[in-house]
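# Fold and contact review
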Amino acid sequence: MSYTSRLTQAIIDLDALVKNYQYIDSLASKSNTIAVIKADAYGHDANKVAHALSAKVNSFAVGFIDEALALRSAGITNTVLILEGPFKESDFDLARKNNFTLMLHSEYQIQWLKSIRPEFSGDIWLKVDTGMNRLGFHLEQVDRIMAQLSINQRKDLVLCSHFSTAEQIDNLKPVEQLAKLTQLVSKYHCKFSMANSAGILNWPASHGDHTRLGLALYGVSPIGETPLSQPLIPVMTLQANIIAIHTVKVGETVGYGDTWQAERETIIATVAIGYADGYPRNAKSGTPVFLKGKVAPLVGRVSMDMITVDITDVENIIIGDSVELWGKNISIDTVAQCSDTINYELLTRVSKRVPKVVAE
Ligand SMILES: *Cc1c(COP(=O)(O)O)cnc(C)c1O
């Protein structure tokens, strides 16, 4: 362990992670629930997350093959689905050797597949574009793509698509997208995968053979305030410590740009976390933090390494006290709203400088 003087940390609750997985998995009990751990497990440390889940899940999913190779180096032996598929022809070789499942979404990947000798025998998924218009073959291309696959390659093929609005329960687009995919599924007698977290929770008909569970695994709801039969437990607590306390008089300002001005005599705590740690620079004055059992507002601009908090109404605060920026007391959704962004972005942007520490 290297020396750490600063106590800014993301505490990772692996028990909560496992509970969230088991709960969501139980909601889609006929499907294989794939744990999506791309982007360093949404900022939670993919190694730690994969080890905590490896005995409980069949497969993991990551964005690209580099992330999957890192899991193998860390001793993870589960199958790994590569959501963006091969970026290079040589990725097929690595996929075969390492038991990675490749998503194929574009013609150039099919050309690579066809040129490989001996024939590529690893698992493949075909991504179909049902309305997201980001990745995947158009419906009318699928016949031609299928015809280029060998019998073996078609045998265990999974047809996959992705919702663009699964979190909106009163939107009809998810129903249309699912109908497009299931039409192909009946035609080719393939397995299918459609649902991300919001799909699992909002659209049971989309569960299919494999679901792809990302955000909700980390205890963050993709469907806002909508109540679930069991609450998700936030896995990450982002915390930092107070390194200075001072009093400002009425009329004085705090932080860069003088954007906040004291309307009463105010006690300000300076906390050792800033936008270089992934705390959003956009967080407005008033964004809540949690300390000594109470909520207090951020005031002034977020700096690179520090934030300032109005602690006038919180008693007995001393230097060194710990502050929660988000976690079990401050919802990351609230911080996201105060920063004009979304929970996904906040989680994945916690920077390398912040140690990820497993909760006791
Ligand atoms: C990231 C990702 C997921 C997981 O989505 P969540 O909303 O985090 O559950 C599922 N499928 C694909 C293709 C993805 O890229």
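This text gives an overview of the structure that appears in the document. (Residues numbered from 1 in each chain as written. Predicted model: local features only at pLDDT ≥ 70, side-chain atom pairs only at ≥ 80, totals over all residues. Heavy atoms only, no water.)

### Quick word on empty space enclosed by the protein
For the record, the criterion: Points on a 1 Å grid over protein atoms alone make up a cavity when a 1.4 Å probe fits among them but cannot get out, and a pocket when they form an open set with protein on both sides within 12 Å along at least five of seven lines; lining residues each have an atom within 4 Å of a point. Grid points are joined across faces, edges and corners, and a volume is the space filled by probe spheres set on the points. Side-chain classes follow a simple rule in which Ala, Val, Leu, Ile, Met, Phe, Trp, Tyr, Cys and Pro form the nonpolar group, Asp, Glu, Lys and Arg form the charged group, and the remainder, Gly included, forms the polar group.
According to the stated counting rule, one finds one cavity of 30 Å³ or more in the structure shown. The space that makes up the largest cavity amounts to roughly 40 Å³. K127, V128, D129, M132, R134, L135, S161 and H162 together form the lining of the largest cavity. Residues that form the lining of the largest cavity fall into these classes: three nonpolar, two polar and three charged.

### A closer look at the site of the ligand
Applicable threshold: Any residue with a non-hydrogen atom lying within 4 Å of a molecule or strand is treated as near it. Counting of polar contacts relies on pairs of N or O atoms within 3.5 Å, with two restrictions inside protein: one atom must be capable of donating a hydrogen and the other of accepting it, and residues adjacent in sequence are counted only when both atoms are side-chain atoms. Only the protein chains shown count as cover for residues, with accessible areas throughout obtained via the Shrake-Rupley method and a probe of 1.4 Å.
The environment of the ligand is made up of V36, K38, Y42, L83, K127, H162, N196, S197, R212, G214, L215 and Y344. Interatomic distance of 2.5 Å between a side-chain N/O atom of S197 and an oxygen atom of the ligand. Take R212: an N or O atom from its side chain is 2.8 Å from a nitrogen atom of the ligand. Protein contacts shield 92% of the accessible area of the ligand, which totals 390 Å² for the unbound molecule. Broken down by class, the residue content of the shell around the ligand amounts to five nonpolar, four polar and three charged.

### Points about the layout of surface pockets
Within this model, the largest pocket holds a volume of roughly 570 Å³. Lining the largest pocket are 25 residues, and of these K38, Y42, L83, R134 and H162 lie nearest its centre. Of the residues belonging to the lining of the largest pocket, the class tally is 11 nonpolar, seven polar and seven charged. Of the voids in this model, the second largest pocket is the one considered here, and its volume is about 400 Å³.

The quantities given are spatial measurements derived from coordinates; they are silent on function.
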